[in-house]
Amino acid sequence: ERGAIHSIEFLEYKSVEEIQSEIDEQIGGQGININAEYDVSLYKIIYETLNGYGDSTLASGVIGIPQDTENAFGMMSWQHGTVIKRNSVSSVEGFHLLSMILSSAGYVYIEADYLGLGISEDFHPYCMDTPSANSVIDMIRAGRNFCSDSNSIQLNNQISLVGYSEGGYATLAAQKMMEQDYPDEFDITISFPMAGPYDLSGTMVDIMLSQELYGKPYYLPYVLLAYIDYYSLGELEDFFLPEYAEIL
């Protein structure tokens, strides 16, 4: 069943004081005033979703729970940016600044690792809309299941989607799938898809094939490797000169 929880692992607990101290240390000097309101527990969830071929598979992510039994909280799903190492995800590294800020502000914080990262052994479907959306949507479902099985957290009906870079792409892909395929299941409160590569066949092609220097040269092979793998487009040597294909 999509969104079914395979396992739950407690990762970290942070008090209001600890969270406030980290917020002040990292951004306190930038004129930004953010106040932590709740202690938070962070859990790793392994859940069922679909891979890029439509088959059932397992993926991982985290859920941050504000420690309060009196109030009902909305869900905030954060879609992280490009990660090139399997273990550079929150289910391995734990809290980061944004997860502390959002969960301590009174959101049930959800963050999917995505397929191919964390515990998932699939090839990461970088900038592919359906598997990106599936992993996000099913992580939200897993978060709902977690909360419904717990006596310590109440949910309201709010669902907020936020993502940046690859996460902006994944956010818009999830929003599109929710609105088109699951309008009776999800009522999106707000969506912030930020700085994503939305126009792959237009703007992104022009950028990647231009003669201008580009600061993150791994983006192009990351896209191509995913599309080669999922669409059986051939070999790296069909797209790159031999000296580059060998490196990649």
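Preceding this paragraph is the structure being described.
Focus on the packing of helix H4 (residues 129-148) against helix H5 (residues 166-181)
It is the contact of H4 with H5, at a shortest axis distance of 8 Å, that shows an interaxial angle of 75 degrees. The angle between the axes of H4 and H5 places the two elements in the roughly perpendicular class. Packed against H4, whose contacting residues are Asp129, Thr130, Ser132, Ala133, Asn134, Val136, Ile137 and Ile140, the element H5 presents Tyr169, Ala170, Ala173, Ala174, Lys176, Met177 and Met178 at the interface. Taken together, the residues of the contact of H4 with H5 sort by class into 10 nonpolar, 3 polar and 2 charged.

Re H5
Along its 16 residues, H5 runs 22 Å from first to last C-alpha, staying within 8% of the 22 Å computed at 1.5 Å per residue. Three or more residues of H5 are buried, namely Glu166, Gly167, Gly168, Tyr169, Ala170, Thr171, Ala173, Ala174, Gln175, Met177 and Met178. Considering only its buried residues, H5 is in contact with strand S4 (72-79), H4, strand S6 (154-164), strand S7 (188-194) and helix H6 (200-208).

Overview of the pairing of S6
Bridge analysis of S4 against S6 gives 7 bridges, and the strand direction is parallel. Looking at the pairing, Ala72 lines up with Gln154 of S6. The pairing of S6 with S7 spans 6 bridges and is classified as parallel. Bridge pairing in S7 links Tyr164 to Met194. Between the parallel elements S6 and S7, the chain passes through H5 in a crossover that is right-handed.

Section: the sheet that holds strand S1 (residues 5-14)
In space, the 7 strands of this open sheet follow the order S1-S2-S3-S5-S4-S6-S7, with mixed pairing throughout. One side of each edge strand has no neighbouring strand; the edge strands of this open sheet are S1 and S7. Averaged over all adjacent pairs, the angle separating strand axes in this sheet is 20 degrees, with direction ignored. Pairing between S1 and strand S2 (residues 40-50): 8 bridges, direction antiparallel. Within S2, the position partnered with Ile5 by the bridge is Tyr47. This element, H4, spans S1, S2, strand S3 (56-66), S4, strand S5 (107-112) and S6 of the sheet and lies at about 125 degrees to S2.

Side note on the pattern of salt bridges
By the definition in use, this model includes 5 salt bridges. Among the salt bridges present, the one from Arg2 reaches Asp138, with a minimum N-O distance of 3.0 Å. Of this pair, Arg2 sits in the segment before S1 while Asp138 is found in helix H4, placing the two residues 136 residues apart along the sequence. With a relative accessible area of 0%, Asp138 lands in the buried category. Here Arg141 ties to Asp138 by a salt bridge, and the two come within 2.8 Å at their closest N and O atoms. Of this pair, Arg141 and Asp138 both sit in helix H4, separated by 3 residues, roughly a single helical turn.

Thoughts on the side chain of Thr171
Tracing the backbone through its elements, the reader meets Thr171 in helix H5. Classification of Thr171 by relative accessible area gives buried; the value is 0%. Within the structure, the side chain of Thr171 is placed 3.2 Å from the backbone nitrogen of Gly163, a separation counted as a polar contact. Sequence-distant contacts of Thr171, that is, excluding residues within four places in its chain, are made with Gln79, Leu161, Val162, Gly163, Ser191, Phe192 and Pro193.

Focus on helix H1 (residues 16-27)
The end-to-end C-alpha separation of H1 is 16 Å, in line with the 16 Å expected for 12 residues at 1.5 Å each. When we look at burial in H1, the residues that qualify are Val16, Ile19, Gln20, Ile23 and Ile27. Seen along its axis, H1 keeps its buried residues to an arc of 100 degrees; they face one direction. In H1, those exposed residues whose orientation departs by more than 90 degrees from the buried face are Glu17 and Glu25. Tucked inside the fold, the buried residues of H1 contact S1, S2 and helix H3 (97-104).

What counts as what
- Residues numbered from 1 in each chain as written.
- Predicted model: local features only at pLDDT ≥ 70, side-chain atom pairs only at ≥ 80, totals over all residues.
- Heavy atoms only, no water.
- Axes fitted to C-alpha atoms, helices over the stretch in contact; angles between N-to-C directions.
- Helix = DSSP H or I, 4+ residues; strand = E, 2+ residues; numbered from the N terminus.
- Parallel < 35°, antiparallel > 145°, perpendicular 65-115°, else oblique.
- Contact = heavy atoms within 4.5 Å.
- Nonpolar A, V, L, I, M, F, W, Y, C, P; charged D, E, K, R; others polar.
- Expected span 1.5 Å × (residues − 1).
- Buried < 20%, exposed > 50% of the residue type's maximum accessible area, 1.4 Å probe, protein only.
- Pairing = 2+ DSSP bridges.
- Right-handed = clockwise from strand over helix to strand, strands pointing away.
- Salt bridge = Lys/Arg side-chain N within 4 Å of Asp/Glu carboxyl O.
- Polar contact = N/O pair within 3.5 Å; in protein donor to acceptor, adjacent residues only side chain to side chain.
- Arc of directions from axis to C-beta.

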